[in-house]
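Secondary and tertiary structure notes
Chain by chain, the residues:
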Amino acid sequence: MLRILVVEDSASMRSFVRNALESDTRTSAGVDVVEASSGFEALRLLPRGPYDLVITDINMPDINGLELISFIRKSESHKATPVLIISTQSSERDRARGLSLGANGYLIKPFSQEALQTEVWRFLPRGIAHAKPHG
Amino acid sequence: MAELSDKAREEFFSEAQEIIETLSRNLLSLDSAIKAGISDPSLINEAFRAVHTLKGLAGLFGAARLGALSHRLEDVLDDLRLGRVELGQDVLDVLFGAVEAYTRILQAEKADSDEELDVEQLFVELERIGAGATEHQSPVADYELDPGLLAVLTEYEEHRLRANIALQMQLYRLRVQFDLSTIDKVLEEMKERAKRHGEIITYLPTGEATSADTIELDLLMASRDDLATLIGSLGADHVVIEEIPRRARRSHPATMPPRRPTALGRADSVGMQPDLERGGLEQAASLRSLTQTVRVDIRKLDHLMNIVGELAIVRSAFGRVAEKLRGEGQRKLAAELQRLHRNFDRRLGEMQDGILEVRMVPLGQVFDRLARVVRQISREVGKEIRLVITGAETEIDKLIVEELSDPLMHMIRNAIDHGIEAGQGRVEVGKPLAGTIALNAFQKGNHVMIEVEDDGRGIDLARLTEKAITLGKLTRSEAQEMSRDEVLALIFLPGLSTRESADDVSGRGVGMDIVKTNISKLGGVIDVHSESGIGTKMTITLPITLAIVSALLIQAGQHTLAIPLSSVSEAIAFEETAVRLVDGREVITLRGQTLPLCRLDRLMALETAPYSASRRRFVVVAALGQRRLGLVVDFLYGQEDIVIKPLGKSLSAVRGFAGATELGDQRVGLVLDAAGLIEEVLAGIEAPRTLERASG
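Given the structure is predicted, the values throughout are model-derived calculations rather than measurements.

When you go through chain B residue by residue, the secondary structure sums to 21 helices and 22 strands. Once local pairs closer than 6 in sequence are excluded, the contacts in chain B between residues at least 24 apart make up 70%.

Let us look at the interface of chain A and chain B. The partner chain B presents 37 residues to the 41 residues of chain A that form the contact. Every element with two or more residues in the side of chain A that touches chain B is listed here: α1 (11-22), α2 (39-45), α3 (65-74) and α4 (92-100) of chain A. Of the residues belonging to the side of chain A that touches chain B, the class tally is 15 nonpolar, 14 polar and 12 charged.

A separate point is the sheet that holds strand β1 (residues 2-7) of chain A. Residue and element names in this part refer to chain A. Strands sit in the order β2-β1-β3-β4-β5 across an open sheet of five strands; the sheet is parallel. At either margin of the open sheet sits one strand with a lone partner, and together these are β2 (31-36) and β5 (105-109). The average undirected angle you get between the axes of adjacent strands in this sheet is 20°. Strand direction decides the pairing type here: β1 and β2, joined by six bridges, are parallel.

Turning to helix α19 (residues 512-521) of chain B, a few remarks are in order. Residues and elements named next belong to chain B. Residues of α19 that are buried include every one of M512, V515, K516, I519 and S520, and no others. Each buried residue of α19 lies within a common arc of 125° when the element is viewed along its axis, so the set occupies one face. Against the buried residues of α19 lie α14 (398-419), β10 (525-531), β11 (535-543), β18 (617-624) and α21 (674-682). Following α19 by one or two positions, G523 has its phi on the positive side, about 80°.

Quick look at the pairing of strand β9 (residues 447-454) of chain B now. All names here are of chain B. Here β9 shows a buried face lined by V448, I450, V452 and D454 and an unburied face lined by H447, M449, E451 and E453. Connecting strand β8 (residues 435-444) to the antiparallel partner β9 that follows it, the hairpin turn spans two residues, and G445 within it adopts a positive phi of roughly 60°. Bridge count between β9 and β11: eight bridges; the pairing is antiparallel. Looking across to β11, one finds that H447 is bridged to P543.

Before going further, it helps to spend a moment on the confidence of the model for chain A. Residues with a pLDDT of 70 or more make up 87% of chain A, whose mean pLDDT is 81. Within the model, pLDDT remains below 50 along residues 127-135 of chain A, and this stretch shows nine contacts once partners closer than five positions in the same chain are excluded.

Right, let's talk about the sheet that holds strand β1 (residues 170-179) of chain B for a bit. Residue and element names in this part refer to chain B. The four strands are arranged β2-β3-β1-β4 in an open sheet whose pairing can be described as antiparallel. Each edge of the open sheet carries a strand with a single partner, namely β2 (198-205) and β4 (239-243). For this sheet, the mean angle separating the axes of adjacent strands, direction not counted, is 20°. Both β2 and strand β3 (residues 214-223) contribute to a ladder of seven bridges, which runs antiparallel. In the strand pairing of β3, P205 is matched with L217. Contacts from helix α7 (residues 155-166) reach β2 and β3, with the element oriented near 140° to β2. This element, helix α9 (residues 227-234), spans β1, β3 and β4 of the sheet and lies at about 165° to β4.

The subject of this paragraph is the confidence of the model for chain B. All names here are of chain B. Here chain B averages 78 in pLDDT, while 83% of its residues score no lower than 70. Taken together, the stretch residues 249-291 has pLDDT below 50 and engages in 45 contacts with residues farther than four places along the chain or on a different chain. Note that pLDDT drops below 50 for residues 500-509; the model gives that stretch 16 contacts with residues more than four away or on any other chain. Across the interfaces of the predicted complex, the ipTM metric reaches 0.73, alongside a pTM of 0.49.

Let us now look at helix α3 (residues 64-81) of chain B. For an α-helix, 3.6 residues make a turn, and residues three or four places apart therefore share a direction. Taking 1.5 Å of rise per residue, 18 residues should cover 26 Å, and α3 of chain B covers 25 Å from first to last C-alpha, within 8% of that figure. Count one or two residues on from α3 of chain B and you reach G83 of chain B, which has phi positive near 75°.

The relative placement of two packed helices is expressed as an angle between their axes plus a distance between the axes. Residues and elements named next belong to chain B. Contact geometry for helix α1 (residues 6-35) and helix α4 (residues 89-110): axes closest at 10 Å, N-to-C directions at 165°. Judged by the inter-axis angle, α1 sits roughly antiparallel to α4. Considering how the two elements wind past one another, α1 and α4 form a crossing that is left-handed. Contacts between α1 and α4 involve F13, A16, Q17, I20, L23, S24, L27, L30 and D31 from the former and L92, L95, F96, V99, Y102, T103, L106 and K110 from the latter. Partitioned by chemical class, the residues of the contact of α1 with α4 number 12 nonpolar, three polar and two charged.

All names here are of chain B. Orientation of helix α2 (residues 41-60) relative to α3, taken along the N-to-C sense of each, is 155°, at an axis distance of 8 Å. In terms of orientation, α2 lies roughly antiparallel with respect to α3. For the pair α2 and α3, the sense of crossing is left-handed. For the pair α2 and α3, contact is made by P41, I44, N45, A47, F48, V51, H52, L54, K55, A58 and G59 and by L66, G67, S70, H71, L73, E74, L77, D78, L80 and R81, respectively. Taken together, the residues of the contact of α2 with α3 sort by class into 11 nonpolar, six polar and four charged.

Turning next to unusual backbone geometry. Of note, the bond from K109 of chain A into P110 of chain A is cis; its omega dihedral lies within 30 degrees of zero at -5°. Within the fold, P110 of chain A resides in the loop between β5 and α5 (113-121). The backbone of R591 of chain B shows a phi angle near 45°, a positive value even though the residue is not glycine. Looking at the element boundaries, R591 of chain B is found in the loop between β16 (585-590) and β17 (593-599).

Now for the nonpolar core. Formed by 99 residues in total, the largest nonpolar core has its most connected members in L5 and I55 of chain A together with A47 and M221 of chain B. Among the elements that line this core, the one with the most residues is α2 of chain B, at 10 residues. Split by domain, this core shows at least three residues from each of two domains, domain 1 (6-131) and domain 2 (147-261) of chain B. Discounting chain neighbours no more than four positions away, the residues touching A47 of chain B are L23, N26, L27 and L77 of chain B. Core analysis: the next-biggest nonpolar cluster, separate from the first, contains 80 residues, V452, L474, I563 and V568 of chain B among them.

Another aspect to go through is the environment of L629 of chain B. Residue and element names in this part refer to chain B. Mapped onto the secondary structure, L629 falls in strand β19 (residues 627-633). Since 23 C-beta atoms lie within 10 Å of it, L629 is described here as buried. Counting along the chain gives 48 residues from L629 to L677, while the straight-line C-alpha distance between them is 8.8 Å. Filtering out sequence-adjacent residues up to four positions away, L629 remains in contact with P596, C598, A622, L677, I678, V681 and L682.

The subject of this paragraph is the environment of L116 of chain A. Residues and elements named next belong to chain A. Inspection of the secondary structure assignment puts L116 in helix α5. Judged by the 20 C-beta atoms lying within 10 Å of it, L116 falls in the buried class. Taking C-alpha positions, L116 is 9.5 Å from I86, a pair spaced 30 residues apart along the chain. Once residues within four sequence positions are removed from consideration, L116 is found in contact with V17, A20, L107 and F111.

Conventions adopted
Residues numbered from 1 in each chain as written. Chains lettered and ligands numbered in written order. Predicted model: local features only at pLDDT ≥ 70, side-chain atom pairs only at ≥ 80, totals over all residues. Helix = DSSP H or I, 4+ residues; strand = E, 2+ residues; numbered from the N terminus. Contact = placed C-beta atoms within 7 Å. Nonpolar A, V, L, I, M, F, W, Y, C, P; charged D, E, K, R; others polar. Pairing = 2+ DSSP bridges. Axes fitted to C-alpha atoms, helices over the stretch in contact; angles between N-to-C directions. Buried ≥ 20, exposed ≤ 12 C-beta atoms within 10 Å, placed from the backbone. Arc of directions from axis to C-beta. pLDDT = per-residue confidence, 0-100. Expected span 1.5 Å × (residues − 1). Parallel < 35°, antiparallel > 145°, perpendicular 65-115°, else oblique. Left-handed = near helix turned anticlockwise from the far one by under 90°. Core = buried A, V, L, I, M, F, W, Y, C linked by C-beta atoms within 7 Å. Domains from an automatic or database assignment.

The following block contains the structure:
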């Protein structure tokens, strides 16, 4: 079972991402999508990991996405977890900062479900990604 | 996008609506802040974030018009929050215009309509604001800031840092240890206290000294106050505050790193290792429960309410069986069943209350929108208006709130346009320059009262009467006999409250008659009081919910019917001998006033026993605002809470019925639409005549 942490303050956006991830037919192992509606919630949920991937927005109140990425990269248990940024076109500077802080990729909102699935696929552990459906 | 379900779209619309409401509230707060000479940058940033989110969502859900507006608005808000554009009243006007445009666009999107919405002018104005943007930056190099900290600031946070430095604020670092389970609450309290001293620019998790249950954050704060003051106000066991030193001017770049906090050296920290031993199921379960609110389609609640209604029928059956057992001498069994019945009754009541509570939303939702309207109209017509709102927290059924917005808006438009005098006119009569509109809401039993009160010139009774006569609604002699309240009630007649000239504000062809119709559709009534030169007060009385209605069960002919209590003013014994004929219509006199009668059994062509003067019957007085109608019925059963179900499609056009309900004994009864019935029956009579005083 893949575990993906989605950090995003918009409920509709979280649902969209969840739907895209859950409807991806390539994941025979299934996906456990854990949603965090703020940076704080993400901090609370991280110790309950490990996660195979963290997808995060940048512009969030209090703890922003950049701070979250920085924290993940500093943390012993999560520093190897891939991080995908989802942000809007206008946040170019912030996106660049995110990548320099160690994020592994980004998607510009809005994006299609397929685009998200393709992007996510790059980061997943090969063993799971290539697993064939059972029986 | 085709792959998106209706459910996802619904969720999108509902979130978009919430975002627009948040934006509107932010702008209103900004408006008052500017007027009070206060600057609160976080408000602009919140507005920016709202639009930013909306833009992302609009793209996702293919809402192009919403996206186009959000895109332009976001640019302007970005300039504002990053200090590239000054926020003044003119800019705020354009932003309020954008909120209006959002509302129209969202409605069109919801209705799936491609209607052209005129937003070009707004776009031009947004463009104009953006063109005035100027860049200026203050140096951050003056402070010994940790480069690691600077790297994680978003563009906005960096701007706030520079802005604070430019204002000669002192920077502080607060290292705070939070318990993960209480972080939200503790942090909110801390933010609230910090606000008094300055601005928190960012929150950075340190990644140090954290166990599985705690987390350490560095808060970067800018303040005018000195360290001692901050420690006195914000200091605590788990908070270490230190000043970030300014670099000495013209000196070598400092080599000294920011001072480390000493008081809180949690050397034995265990890092962020997940505690798997202790974790297990308990933690997995709590993981799911972090989000505490859900959005629910109101139809689902309606469905639950229907089930409660059906359970109520089961409950009554219990009662009847218990009665029957008692009648057959099974006292012990009957008593036991009675106990169960009472218990069931109590639980069902709790369940009903619970569902009703979920449907309730504060009236503040619609009041916020009205505040915007007041602001806009007052600027359009050049009258200064003070809006005073009380009781915004009063709760009412969600469906009613949705339908209230238009009627209230028209009432407020009327008040500003016709009621409140122009500035000079007010001063001349010794009133303050600014007109006041009070919007008061409060609960009264099972009803919510909403008052819209202005301190304007009041309704001109003579002019109103003249107009009614000109329009042929009443004769001069009728007019002379009318009481003050009856004349005031004329404003609810079609064509009476609309202005002759179609002006900018309320000359939109919507009169108080429409307002009244809309209110009565919600089961409410509207009354008006006005004093010449002092002002006008309109009072709307609404049921708290549409889901459950208290009704009077009556018998007419062989049929049991329900009349919603909200439209019943009283029930009296009926004397056949008291009936008089006025213009061929049956009336009785009730406390000096003529009350037109309607024999329900005849009206509905129900088979019935022939009338005889000796049979004891009743008159139920139905009232809609100030119009009243006496319904002659055969028997009064009493009051019961009912759930009204809609009639099928084929019967929906039949006037006089609001729907059907299940009665306790498995039978279906019709629910009278008292408002519709009054309209229908009184339609044949010229409206003022129903208000006529008894001549005898």
